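Tertiary structure, described
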Amino acid sequence: MLNNYLLTALRSMLRQKSHSLMNIMGLSIGLAAAILIALYVNYHQSFDKFQPEPTSSYRLQQQWPSMGLHAPLVSSAFNSELSKINGVELVFNLFDLSKQIDSAVEYQGEKLHLSSLFAASDNIEQLMLLPTVAGDLQQALTAPYQLALSVKEAQRLFGRSDVIGKSLQSQDASWTVAAIFENLPDNTHFHFDALTSANPAIIGTPSMGANNSYTYVRLANSANVDEISKTLTSLYNNLAYSGQDMVRVELQRLDKIHLNAQSQFEMKMNGSQFTVTVCTGLSLLLIGIAMINFINMSTAQAGRRAQEVGVKKAMGASQFQLISQFLFESTLLSFISVMIATLLVQLTLPWFNNLTESHLSLTTSVDSLLVLAFLTLIIGITAGLYPALFMSSFSAKRVLSGDLQRGKTAVLIRKSLLTLQAALSVGLIVAAAILFQQLDYLKQLPVGYERTQRIEISAIAADMLFEKSNNAIVSRLSRIEGVSDIGFSDASLTDTTNTSTKLLWPGADADSPFLPFIGSGYGIVKAQGLKLLAGRDFSEKYGSDWYQEDAQGQGFAGIIVTESIIKMAGLTDPQQAIGKIWQFKTGKEDNDKFDVKIVGVVADIQVGSARNSLSPLLFICGLSWMSEANIVATITQDQLPLTLNRIKTELAQQTGNDEFTISLVEENYRQLYSDDRRVANFVLIFCGLAVFLTCVGIFGLSSYSAQCRAKEMSIRKVLGATKLDLINLLAKEYLWLLAVSIFLAVPATYYLLGQWLNGFNERITQPLSAYVAAAALVSLITWLTVASHGIKSASERPAKILKAE
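Basis of the calculations
Residues numbered from 1 in each chain as written. Predicted model: local features only at pLDDT ≥ 70, side-chain atom pairs only at ≥ 80, totals over all residues. Heavy atoms only, no water. Helix = DSSP H or I, 4+ residues; strand = E, 2+ residues; numbered from the N terminus. Buried < 20%, exposed > 50% of the residue type's maximum accessible area, 1.4 Å probe, protein only. Contact = heavy atoms within 4.5 Å. Areas by Shrake-Rupley, 256 points an atom, 1.4 Å probe, with all protein chains shown as cover. Arc of directions from axis to C-beta. Phe/Tyr/Trp six-rings, centres within 6.5 Å; stacked < 30°, edge-to-face > 60°. Patch = residues over 30% accessible without salt bridge, like charges linked within 9 Å, V, L, I, M, F, W, Y side chains within 5 Å. Salt bridge = Lys/Arg side-chain N within 4 Å of Asp/Glu carboxyl O. Polar contact = N/O pair within 3.5 Å; in protein donor to acceptor, adjacent residues only side chain to side chain. 1 Å grid on protein atoms, 1.4 Å probe; cavity = no way out; pocket = protein on both sides within 12 Å on 5 of 7 lines; lining within 4 Å. Points joined across faces, edges and corners; volume = space filled by probe spheres on them.

Let us now look at the overall build of the chain. The helix and strand tally for the chain stands at 26 helices and 26 strands. A total of 805 residues make up the chain; the buried ones form 52% of that total. Within the chain, contacts between residues separated by at least 24 positions form 79% of all contacts whose residues are at least 6 apart in sequence. Total accessible area computed for the chain in this model is approximately 36100 Å², and 56% of it derives from carbon and sulfur atoms.

Where helix α6 (residues 151-158) is concerned, the buried positions are Val151, Glu153, Ala154, Leu157 and Phe158. End-on view of α6: buried residues confined to an arc of 165 degrees, all on one side of the axis. Where α6 is buried, its residues touch β4 (104-107), β5 (110-113), β7 (132-135), β8 (146-150), β9 (167-170) and β10 (174-181). After α6 finishes, the residue Gly159 shows a positive phi value of roughly 85 degrees.

Let us look at the packing of aromatic side chains. For the coordinates displayed, the defined rule picks out 21 aromatic pairs. Between Trp351 and Phe352 the ring centres are 6.3 Å apart and the planes differ by 50 degrees, which places this aromatic pair in the tilted class. Relative to Tyr771, the ring of Tyr750 lies with its centre 6.5 Å away and its plane at 45 degrees, an arrangement referred to as tilted. One end of the pair, Tyr750, is in helix α24 (residues 723-757); the other, Tyr771, is in helix α25 (residues 768-795), and 21 residues separate them in sequence. On the basis of relative accessible area, Tyr750 is assigned to the partly exposed category, the value being 49%. Pairwise contacts between aromatic rings join Phe517, Tyr547, Phe584, Phe594 and Trp625 into one cluster.

On to a nonpolar patch on the surface. Side chains of Ile340, Leu343, Leu344 and Leu347 sit close together on the surface and give an oily, nonpolar patch of about 350 Å² of accessible area. Within the secondary structure layout, Ile340 lies in helix α12 (residues 319-356).

The subject of this paragraph is the side chain of Thr494. Tracing the backbone through its elements, the reader meets Thr494 in the loop between β15 (483-489) and β16 (499-501). On the basis of relative accessibility, which here comes to 8%, the residue Thr494 falls in the buried class. A distance of 3.0 Å separates a polar atom in the side chain of Thr494 from a polar atom in the side chain of Ser492. Dropping the residues within four chain positions of it, Thr494 is found in contact with Tyr449, Glu456, Gly608, Val665, Asn668, Tyr669 and Leu672.

Examined against the element boundaries, Asn630 turns out to sit in strand β25 (residues 628-635). Look at Asn630 and you get buried, because its relative accessible area is 10%. Those residues in contact with Asn630, other than ones at most four positions away along the chain, are Glu456, Ile457, Ser458, Ala459, Gly487, Phe488, Ser489, Ala491 and Ser492.

Mapped onto the fold, Phe50 is located in the loop between α2 (17-45) and β1 (57-64). According to the relative accessible area criterion, Phe50 is partly exposed, its value standing at 32%. Separated by 137 residues in sequence, Phe50 and Asn187 place their C-alpha atoms 9.4 Å apart. Aside from chain neighbours lying at most four places away, what touches Phe50 is Leu129, Pro185, Asn187 and Thr188.

Turning next to the layout of surface pockets. Of the volumes computed, that of the second largest pocket is approximately 630 Å³. As for the second largest pocket, its lining consists of 23 residues, of which Ile35, Ala38, Leu39, Asn42 and Val371 are closest to the centre. Counting residues per element, the ones that place at least two in the lining of the second largest pocket are α2, α10 (273-300) and α13 (366-392). For the lining of the second largest pocket, the leading source of residues is α2, giving 8 residues.

One pass over the full model with this rule turns up 13 salt bridges. A salt bridge links Arg160 to Asp162; the nearest nitrogen and oxygen atoms lie 3.2 Å apart. Among the residues examined, Asp162 registers a relative accessible area of 54% and is labelled exposed. Glu227 is the salt-bridge partner of Lys230, the closest N and O atoms lying 4.0 Å from each other. One end of the pair, Lys230, and the other, Glu227, are both in helix α8 (residues 225-240), 3 residues apart, so they sit about a helical turn from each other.

What follows is the structure, given as structure tokens:
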């Protein structure tokens, strides 16, 4: 029987070559896109699933509603309180030392730099999988100034990985390699290459107000996560913020961090649940469109097989046998499509990996083969079930009477499915247009600082810049041809601020909000291209600008504030603030403060992405609480590579380190929206595929319509109808269906895009032109697709068509 089914299926495919080819082509393209997306989604959903007990492990995060800021950091001094909470079984700390200590080291006279250096609690293996290749990990995480290195970090530093017992000399200590661990896999949110112990000699003794630790807890199965979060919020506000309602402490499940945590303080760039959801939806839409094409063209071509069904029924074939035959044919087409789709995936994976910045691969494991087999079966049955039921229901009487051609049920289903296809195409075109318009708007958005022709040099020791007498680096760089307007700060405006304080003005109370601040050097307004509203820039001409302390240890410095701070203080004109003496808080005690003088007011600054709230900000001259700082400079585009090489050479000579990073500020800003740009690219690609597959469906159905109406068109031609009249007659049915599609697509698309745009503080208004253009484009494509058949039918000689009558 199977042989008979196979032979019948092959003969049917050969008799209807164009029909079979369009079906296979549509399914193959839709499946290839779906497989690529499945690989992408599976990769991003696999993050940290392999860790020990990932569903009961959580990371603590603080959220400051007043600043619109959130960070997965708390004070490690909170550990003792965490351990007392009912339901908390384990507490683990991870400290990023890259901005706390100088990681410059020396080995055999060669100057090196420890990358991604973290301090960790010695119970790290209870929380994460960290296989040790050599040495003793526990020793590295208990004794001070011991190191555990990843294999790649050991090879980078020493040229090989068997380096247990080797020493690296820093300015303050000698580090000994005690363990080597395997490189962390890509699918984890953890990111470090060197570990040391969380010893007070290294991390210090933090106060409750110091947000110095990525803190993780493991909860008992019976623990109530929401209740524990509320308890942590109350405790932390009492201990760290003197009882003020400053923060909310949230718990982020370990295996959900990658897709749901979007803080600026992540160890590495995370993924996006929104992107995964959009991609999953788009891939399902493509498969749906491809299967709609299959159903439409199969039912449209049913008339050609009516006699076959009638003869087989007359010879005793049951309806079940006919359904089995047609499902076998659809499954065969599905199998061929899956094979072609797999080949397309292999060919397009390099391009797709480049688009998604991933390292995906299609494996030939047993699991993968089983998935492909299951996919073949599901698509074959799903797409072929209705055509099989429809064609197997033909009776000999119905075939001979011609009632098959007048059946209304199949026509209604075909029209409904085609309407859905066109609605999806219109929606995707609008989505692609608006997504790119929003990204272009963000690119042009005034952010309060200049992005063009600016470079940022990061990972420079802060004490080399913030010592007033040590200005050799800035001085030497300013002499390089093509470099001007040099300044430095301890934070990047395209990233995030790292420190905050309370700024006390007359009338401010103890409940005044914490404000982020940036430590900077002279000329920061000019260097960053800030918009000065009143006052002046920090300048060497004014010695009091730079932070200094008197004999009693009382500090004083100049500050520059943003316009929103002036408004918070109740001032209406920026000029009114110039020369005001306010106070800068350094701790919780009343006397933990010093005087600062406002020397300038600048326009508000968007720090980081436009998804973040616009927060008040201040710059203080000559003071930093960070271990690293950045240099910002204006650079001409002429001979850019040569100028950058001169900068690298000069910095290496001045700092004794060549592992700093030089980047374009404009490129850093563009990276803030890389995930949104990826979504837009996905939508654009899927939009093109959806329109193409819709055209394939319209092409197949219009071919069938042209055949069915060939005699009608010939009679109209004899009566004087022009070719254009005949084409429009054929296209009118599809354009009416398209009108219904547009009516359905517009409100749904408007709502979904509105939800996405609401995630931005700065966003465009959805333009009516995008909807009009999408409708016009799909209408034009539909008309041209139908016209390709209409012209052929209208060009036929009426005598040739009507001679049988």
